[in-house]
Amino acid sequence: MTSETYRRIFVPNHAIYLATVGYGTGALLGRGIKKVAGIHWLEELGLAQAAWVFDVENFGPLLVESDLDGNSLFERETEKIIPGIEKLYAGTRPATLRRYGETDDKTEEVI
């Protein structure tokens, strides 16, 4: 979801965007969901980004990726990382999985 989409849809509706760290963490968190109480903006945002309303128990921990003011944790931290990204990847081998969208231009990398 772009920052613009988040600010246009979530912020006016007083919703926050929660995230987890690490692949597979969502499956572990799923154990705490007791039922789906509702879903919003499914058509506008798609299945993964829609606003799901859950009844939960022992659910978390989660990161607040975007807050009620529209500030994005990932956007803020990416701004800190981008200036040094070329140095970070200096001397690494060229991309081998280009068919999957891998790139040698680290400024295009999704962080």
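Above this text sits the structure in question.
Just so it is clear, the model here is predicted, and its values are computed rather than measured.

Criteria and thresholds
- Residues numbered from 1 in each chain as written.
- Predicted model: local features only at pLDDT ≥ 70, side-chain atom pairs only at ≥ 80, totals over all residues.
- Heavy atoms only, no water.
- Patch = residues over 30% accessible without salt bridge, like charges linked within 9 Å, V, L, I, M, F, W, Y side chains within 5 Å.
- Areas by Shrake-Rupley, 256 points an atom, 1.4 Å probe, with all protein chains shown as cover.
- Salt bridge = Lys/Arg side-chain N within 4 Å of Asp/Glu carboxyl O.
- Helix = DSSP H or I, 4+ residues; strand = E, 2+ residues; numbered from the N terminus.
- Buried < 20%, exposed > 50% of the residue type's maximum accessible area, 1.4 Å probe, protein only.
- 1 Å grid on protein atoms, 1.4 Å probe; cavity = no way out; pocket = protein on both sides within 12 Å on 5 of 7 lines; lining within 4 Å.
- Points joined across faces, edges and corners; volume = space filled by probe spheres on them.
- Nonpolar A, V, L, I, M, F, W, Y, C, P; charged D, E, K, R; others polar.

Q: Explain a nonpolar patch on the surface to me, using residue names and the numbers behind them.
A: Among the surface-exposed residues, Val36, Ile39, Leu42, Leu47, Trp52, Phe54 and Val56 lie close enough to one another that they form a single nonpolar patch of about 580 Å² accessible area. Listed by contribution, the elements that provide at least two residues to the nonpolar patch are strand E2 (33-40) and strand E3 (51-56). Ranked by residue count, the leading element in the nonpolar patch is E3, at 3 residues. Note on placement: Ile39 falls in strand E2. Taking relative accessible area as the criterion, Ile39 reaches 33% and is therefore assigned partly exposed.

Q: So what's going on with the pattern of salt bridges? Residues and values would help.
A: Going through the model one piece at a time under the given rule, you end up with 5 salt bridges. In this structure, Lys80 engages Glu77 in a salt bridge whose closest nitrogen and oxygen atoms are separated by 3.1 Å. With a gap of 3 residues between them, Lys80 and Glu77 both fall in helix H4 (residues 73-81), about one helical turn apart. Look at Glu77 and you get partly exposed, because its relative accessible area is 27%. Several salt bridges converge on common partners, so that one network encompasses Arg76, Glu77 and Lys80.

Q: Hey, could you go over unusual backbone geometry for me, with residue numbers and the actual values?
A: Look at the link from Gly60 to Pro61: it is a cis peptide, with omega at 0°. Among the secondary structure elements, Pro61 is positioned in the loop between E3 and strand E4 (63-66). The phi torsion at Trp41 lies on the positive side, around 60°, for a residue other than glycine. Its location among the elements puts Trp41 in the loop between E2 and helix H3 (42-45).

Q: Help me get a handle on the layout of surface pockets, residues and values and all.
A: Looking at the largest pocket, its volume works out to about 700 Å³. What lines the largest pocket is a set of 24 residues, and nearest its centre among them are Leu18, Ala50, Trp52, Phe54 and Phe59. Contributions of two or more residues to the lining of the largest pocket are made by strand E1 (17-19), helix H2 (25-30) and E3. Residues that form the lining of the largest pocket fall into these classes: 20 nonpolar, 4 polar and no charged.

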